[in-house]
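# Working through the structure, step by step
So you can see what is in the structure, the chains are spelled out below.
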Protein chains: 2
Amino acid sequence: MKQQDYPPAVQELISQLKRMPGTGRRSAERLALWFLQHGAGDARALAAALTEAVDSTSTCPECGFFATKGELCTACADPARDTALFCVVEQATDVLPIERCGFYRGLYHCLGGRISPLDGVMPENLSIPHLLRRVQSHPGCEVILAVGSDVEGEATALYLAEQLSPYSCKVTRLAQGMPAGAGLGQADAITLMRALQGRTGM
Amino acid sequence: MKQQDYPPAVQELISQLKRMPGTGRRSAERLALWFLQHGAGDARALAAALTEAVDSTSTCPECGFFATKGELCTACADPARDTALFCVVEQATDVLPIERCGFYRGLYHCLGGRISPLDGVMPENLSIPHLLRRVQSHPGCEVILAVGSDVEGEATALYLAEQLSPYSCKVTRLAQGMPAGAGLGQADAITLMRALQGRTGM
């Protein structure tokens, strides 16, 4: 007796869905059956969106954020941006949280990672020469190092500060301290230490 | 100043991913960026699998489980199955858990839901006439009602038992009692009551 199973096309759909991060066997099965029971429209629309996204999207040749192929990203193409202000982030995905806070008016530079010898990521794997060229062509600019505040982020910030030191630019980094709305009870020791070190007058 | 945002094709991919059940804005964004950063291969493979699955999959004309279009499902097409044993389930998705226990050797019948007047599901919305025809053409068969043990499942089981009573068939239902591996402490009162009512000799 053969064990009843999904038709081959459904099994293939389940295994493709299972490749997505955070999607296990059960979730993939649930999603596949949802597509099958929910009518073909949603499946076709997602299939078209996937193909269109990978076909038409590339990285911005200036900053490394996502952009329509052959074009600059919205920020680099925007004449209203302050071109003497560069915000250096690890990943392209770090750009939107900064945009959403609505405070920043400058340009970005996505490194494509952070220095982490244990993961095989060395300075030469990051988009650092291009950052130096951008800084060189904007004398007097400010470079904000908006990398993570963990060990690899700190190492990346120190390395970048050293590399940027021969250039005529001001290098700053994000303030460290208490997150908004957090009580003292939730803060870890390192956050508290940094909040104390960085205390400001009132 | 324009706020930096994803290219239109990426925004469309995010909104299509967000339609999937259990996928919020943040998960959809995370998945979309994973597809973009992970190379186009996975995106194209999922797009192809989605299209192929909805194009080639239909329901089995006999039992209502998923089947390749124009074919019977694996169980209905298997000559080794016991054709005098029907397991009636609410949804097609209930078939595989039963298959996976490896104990059942008969056929299935998917009702396509359960009687639930509050959700607008009445007996005429379920695949009941077809079940009665299948039972009629197999005199002396057994019909196992493997519907849920909640209120709607109980109502569906009672209605089916009544509809099946004129036919020459044995109607049974799944045993109710303690789940495997559960201690008394975790069992709710109704489960315990049913486990006591259904107690068996040793």
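As shown above, the structure is provided for reference.
Predicted, not measured: the structure shown is a model, and the values here were computed from it.

### Considering the overall build of chain A
Broken down by element type, chain A carries seven helices and six strands. In terms of overall dimensions, chain A has C-alpha extents of about 75 × 50 × 35 Å along its principal axes. By the burial criterion, 40% of the 202 residues in chain A qualify as buried. Taking the contacts inside chain A whose residues are at least 6 apart along the sequence as the reference set, 46% of them involve residues at least 24 apart. In the structure as shown, chain A presents an accessible area of about 10700 Å², 55% of it carried by carbon and sulfur atoms. A gap of 5 Å separates the mean positions of the 18 positive and 21 negative side-chain charges of chain A.

### Structural notes on the packing of aromatic side chains
A complete count under the given rule lists ten aromatic pairs over all chains for this structure. Between the aromatic rings of B:Trp34 and B:Phe35, the centroid separation amounts to 5.0 Å while the plane-to-plane angle is 70 degrees, which identifies the pairing as edge-to-face. Here the two residues B:Trp34 and B:Phe35 agree in accessibility, since each one is buried. Every member of this aromatic cluster is reached through a ring pair, and the members are A:Tyr6, B:Phe65 and B:Phe66.

### Re the interface of chain A and chain B
At the junction of the two partners, chain A supplies 60 residues and chain B supplies 61 residues. For the pair chain A and chain B, the two sides together bury roughly 5700 Å², of which 67% comes from carbon and sulfur. On the chain A side of the interface with chain B, the three residues burying the most area are A:Met1, A:Gln4 and A:Leu50, jointly 14% of the side's total. The shortest N-O distance in the salt bridge between A:Arg19 and B:Asp42 comes to 2.3 Å. Where chain A touches chain B, the interface holds twelve residue pairs in polar contact (both at pLDDT 80 or more). Elements with a contribution of two residues or more to the side of chain A that touches chain B: helix H1 (8–18), helix H2 (25–37), helix H3 (40–56), strand E2 (66–68) and helix H4 (95–100) of chain A. It is H3(A) that contributes the most residues to the side of chain A that touches chain B, 15 residues altogether. A per-class count over the side of chain A that touches chain B returns 33 nonpolar, eleven polar and 16 charged.

### Quick word on the packing of H3(A) against helix H1 (residues 8–18) of chain B
Orientation of H3(A) relative to H1(B), taken along the N-to-C sense of each, is 150 degrees, at an axis distance of 8 Å. With respect to each other, H3(A) and H1(B) are oriented roughly antiparallel. Pair H3(A) / H1(B) crosses with left-handed handedness. Contacts from A:Asp42, A:Ala45, A:Leu46, A:Ala49, A:Leu50, A:Glu52, A:Ala53 and A:Ser56 in H3(A) reach B:Ala9, B:Glu12, B:Leu13, B:Gln16 and B:Leu17 in H1(B). In terms of residue class, the contact of H3(A) with H1(B) is built from eight nonpolar, two polar and three charged.

### Observations concerning the relation of the copies chain A and chain B
Laying chain A over chain B is done by rotating through 179 degrees and shifting 0.1 Å along the axis; what remains is an RMSD of 0.2 Å. In short, the pair behaves as if placed about a two-fold rotation axis. Looking at the rotation axis and the C-alpha trace of chain A, the residue lying nearest is A:Ala47, at 2.0 Å. A share of 100% of interface residues in chain A that are also interface residues in chain B marks the association as one of identical surfaces.

### Quick notes on the sheet that holds strand E3 (residues 82–89) of chain A
All names here are of chain A. An order of E4-E3-E5-E6 is seen for the four strands of this open sheet, with the pairing classed as parallel. Two strands bound the open sheet, and with one partner strand each, they are strand E4 (106–110) and strand E6 (169–173). Sheet twist, expressed as the average angle between the axes of neighbouring strands with direction ignored, equals 25 degrees. Relative to E6, strand E5 (residues 141–145) runs parallel, the two being bridged by five bridges. Note on E6: the bridge partner recorded for Val143 is Val171. Helix-sheet contacts for helix H5 (residues 128–136) involve E3, E4, E5 and E6, and the interaxial angle to E4 is about 155 degrees.

### Thoughts on H1(B)
Residues of H1(B) that are buried: B:Ala9, B:Val10, B:Leu13, B:Ile14, B:Gln16 and B:Leu17. Buried residues in H1(B), looked at end-on, bunch into an arc of 165 degrees, giving them a common side. Contacts made by the buried residues of H1(B) are with H3 and strand E1 (57–59) of chain A together with helix H2 (25–37) of chain B.

### Points about the pairing of strand E5 (residues 141–145) of chain B
Residue and element names in this part refer to chain B. Burial runs high along E5: four of the five residues are buried. Taken together, the four bridges between strand E3 (residues 82–89) and E5 define a ladder with parallel strand orientation. Bridged to Val88 within E5 is Leu145. Handedness of the crossover joining E5 and strand E6 (residues 169–173) through helix H6 (residues 151–164): right-handed.

Calculation criteria
Residues numbered from 1 in each chain as written. Chains lettered and ligands numbered in written order. Predicted model: local features only at pLDDT ≥ 70, side-chain atom pairs only at ≥ 80, totals over all residues. Heavy atoms only, no water. Helix = DSSP H or I, 4+ residues; strand = E, 2+ residues; numbered from the N terminus. Buried < 20%, exposed > 50% of the residue type's maximum accessible area, 1.4 Å probe, protein only. Contact = heavy atoms within 4.5 Å. Areas by Shrake-Rupley, 256 points an atom, 1.4 Å probe, with all protein chains shown as cover. Lys, Arg positive; Asp, Glu negative; His and termini not counted. Charge placed at Lys NZ, Arg CZ, Asp CG, Glu CD. Phe/Tyr/Trp six-rings, centres within 6.5 Å; stacked < 30°, edge-to-face > 60°. Buried area = accessible area lost by both parts, 1.4 Å probe. Salt bridge = Lys/Arg side-chain N within 4 Å of Asp/Glu carboxyl O. Polar contact = N/O pair within 3.5 Å; in protein donor to acceptor, adjacent residues only side chain to side chain. Nonpolar A, V, L, I, M, F, W, Y, C, P; charged D, E, K, R; others polar. Axes fitted to C-alpha atoms, helices over the stretch in contact; angles between N-to-C directions. Parallel < 35°, antiparallel > 145°, perpendicular 65-115°, else oblique. Left-handed = near helix turned anticlockwise from the far one by under 90°. Least-squares fit on C-alpha atoms with pLDDT ≥ 70 in both. Pairing = 2+ DSSP bridges. Arc of directions from axis to C-beta. Right-handed = clockwise from strand over helix to strand, strands pointing away.

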